[in-house]
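Survey of secondary and tertiary structure
Given next are the chains, with one letter for each unit.
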Amino acid sequence: MAMIEVRNVSKAYGGVQANQDVSMDVAEGAITGLIGPNGSGKTTLFNSIVGYHPIDSGSIKFLDREISDLRVPQIARLGMLRTFQQTRIYGNMNCVKNMLISMPHRSMGFFEILGKHTAEDIEKAEHLLEFVGLYGKRKLMAGDLSFGQQKLLEFAMALMNNPKILLLDEPTAGINPTLINGLIDRLKRANEEFGITLFVIEHNMRVIMNLAEHIYCLAHGEMLADGKPDAIKNDQRVIDAYLGAH
Amino acid sequence: MNRKRNTAILYASILAAGIAAPFVFPDYVTQIAMLWMMILFALTWDIAGGQMGYNSLGNIFFFGAGMYISAVVQISIFTNVRDYTAARGGEQLVLDYGDYFFSSAAGLVASAVGCVILAVLLGRVMFGMRGPYFAIGTLGVALSARELFSTWDLVGGGTGIAMPVYPGMPDEMSLVVYAGYFGLAIATFLTVKWLYSTRFGLAINAIRDDEEKAEAMGIHTMRYKLIAWSVSAFFLGMAGAIFGARTGYVEPMEVAFPTVTFGIFMVVMSLLGGKGTLWGPVIGATIFHVIKEVTWTYLLGWQWVALGVLIIVNVVFFQQGIMGWVQEKWPELFGIEVETVPDDAEEEAV
């Protein structure tokens, strides 16, 4: 079953047609990848889905509900979360507080919000920090962490929010290569153990081929191809797009 | 354990000092009552300004609105408000103790509730703006309220409303006002102390540090902003109600909406003490109030210059404020760790 259904979405920034008639599905429970050369409209499509900007035409459905007219907070409260290409964490707070902020406020009542964080909340935060390998740094200011560690923290924060689906914008960009394998492993485990559907933009071909079960490729704002990793890897159009034949 | 005991001793001594002050320094009851009001001002400003990152220059609006609401409610219990204000203070109400305190209490409750409603209505518009736009927008609210109230005949326009006369002696009234401000300031402090320890407290910090991220995580940012401002409005409204009764008349320019004095003082006091901290506003208000009273007494004519110098030095050279500076100097007191903690054996260093 498709969790996200994108149908004929177009988005232009002034004269630049960033997305042209794009259609795609993100299957529930799976890991779906989105690739494409620089400037092909990947992040624009992401931003359209999460409600960061209105789309010019087309339809976006999340769990059979039209979301193209909703804004970021409303969509986030439905259980769709995104991480940012430029990591965004709360630098002046320690890692545990960063995690506690990320509690799923959408499912809390007024009096729960005015309650204190419980021992279970803190335990869950520390457990997830351990999951991403940041337990030893949990009391440090998040701003003092390295860029790669901040990305892991942002990922843990997203998990803390119990999302139904997580949209990751280039999760491995700027991360030290030896860490990338660990991150791929954690993304897969989050998908299997926590049952979170993942939709990943990725530049690193090795990463996306290992991670995703189904891959879409954008070029010049249009959907160029989609299929299993092996099919995409050998698709002449995809290779041409990446080598700049267009 | 030791720390807990020290905190208990600190609270107990502040409480004892607050109760003893009017009897030990009977000549300064009014000044010390004003000190409690200043502490309330700084604490309520800091909820949105310091903890949530929304620097309001118009919080004084709730002070004045609370004052007017309280006055109108109190007078309407005994007589027709329109006739009363039309007489321009000619028939000032003279009440006995029972009527005075009953109507004052009704006015106090109405001002608190009314200001919360105003905060929610105004907040929906104001919190659509961020940064300097929010600051200027709220300043506009306070300034336009002055103008609107000074042309509104029902509440006496520029002449204002004469408040009911306190039935006892003036000294006795000073004590009652003192008790009111002391109680309100303590209640405000306890409320914000509790609020900052909740999930809500962390969420408004998140709004301050990165509102877009907070939204993307599904936090009800608008709802939280409205709650934060409502708490400020709740206490400011009651502070205004007491101020109107204390002054004896309510008029828009100097008493109800003193934007460039009280309205700016609340910001300055929070900055001086350290915004975004629990104790900063309390310390800032105390120091500011003492400096203000001293310069008014000994540097008359230069008092505004002295305050201006204080503000400039504070903003240019000492932005973090007193508590902010303490926090930088001794972070471990606030549970902040700066050095790398030794990694647990099974943890990989990332």
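Conventions we followed
- Residues numbered from 1 in each chain as written.
- Chains lettered and ligands numbered in written order.
- Predicted model: local features only at pLDDT ≥ 70, side-chain atom pairs only at ≥ 80, totals over all residues.
- Helix = DSSP H or I, 4+ residues; strand = E, 2+ residues; numbered from the N terminus.
- Contact = placed C-beta atoms within 7 Å.
- Expected span 1.5 Å × (residues − 1).
- Bend = angle between axes of the 7 residues up to and from the residue.
- Buried ≥ 20, exposed ≤ 12 C-beta atoms within 10 Å, placed from the backbone.
- Pairing = 2+ DSSP bridges.
- Axes fitted to C-alpha atoms, helices over the stretch in contact; angles between N-to-C directions.

What follows deals with the environment of G64(B). All names here are of chain B. On the secondary structure map, G64 appears in helix 3 (residues 60-76). Sequence separation of G64 and F149 is 85 residues, and the distance between their C-alpha atoms is 9.8 Å. Those residues in contact with G64 that sit more than four places away from it in its chain are A145, G240, A256 and F257.

Right, let's get into helix 12 (residues 259-273) of chain B. All names here are of chain B. Counted at 1.5 Å a residue, the expected span for helix 12 with its 15 residues is 21 Å, and the 21 Å between its end C-alpha atoms agrees. Its maximal kink placed at F265, helix 12 deviates by approximately 30 degrees. Among the 15 residues in helix 12, 12 count as buried, and that is most of the element. Among the residues of helix 12, T259, F262, G263, F265, M266, V267, V268, M269, S270, L271, L272 and G273 are the ones counted as buried. Buried residues in helix 12 make contact with helix 2 (29-51), helix 3, helix 6 (131-150), helix 13 (280-298), helix 14 (303-317) and helix 15 (321-329). Positive backbone phi, approximately 115 degrees, marks G274, located one or two places after helix 12.

This part is about the sheet that holds strand 4 (residues 57-62) of chain A. Residues and elements named next belong to chain A. In spatial order, the strands read 2-1-4-5; together these four strands make up an open sheet with antiparallel pairing. The open sheet has two free edges, formed respectively by strand 2 (16-27) and strand 5 (65-66), since each of these has just one partner strand. In this sheet, strand 4 lies alongside strand 1 (residues 2-13) in antiparallel orientation, the contact comprising five bridges. The residue bridging S10 from the neighbouring strand is S57, located in strand 4.

Residues and elements named next belong to chain A. Of all five residues making up strand 8 (residues 197-201), five are buried, and the element is well covered by its neighbours. The two faces of strand 8 match: T197, F199 and I201 on one face and L198 and V200 on the other face are all buried. Sheet topology places strand 3 (residues 31-35) next to strand 8; four bridges connect them, and they run parallel. Of the residues in strand 8, the one forming a bridge with T32 is F199. Looking at chain direction, strand 7 (residues 165-169) and strand 8 are connected through five bridges and run parallel.

So, on to the environment of W45(B). All names here are of chain B. Along the chain, W45 falls in helix 2. A count of 28 C-beta atoms within 10 Å places W45 in the buried class. Note: C-alpha distance between W45 and V268 (223 residues apart in sequence) is 10.0 Å. Sequence-distant contacts of W45, that is, excluding residues within four places in its chain, are made with N59, M266, V267 and S270.

What follows deals with the sheet that holds strand 6 (residues 80-82) of chain A. All names here are of chain A. What the six strands build is an open sheet, ordered 6-7-8-3-9-10; its pairing is mixed. Every other strand in the sheet has two partners, leaving strand 6 and strand 10 (222-227) as the edge strands with one partner each. Going across the sheet, the axis of each strand differs from the next one's by a mean of 15 degrees, ignoring polarity. Contacts from helix 10 (residues 236-243) reach strand 9 (214-219) and strand 10, with the element oriented near 130 degrees to strand 10.

So, to be careful, I would describe these as geometric facts and stop short of saying anything about function.
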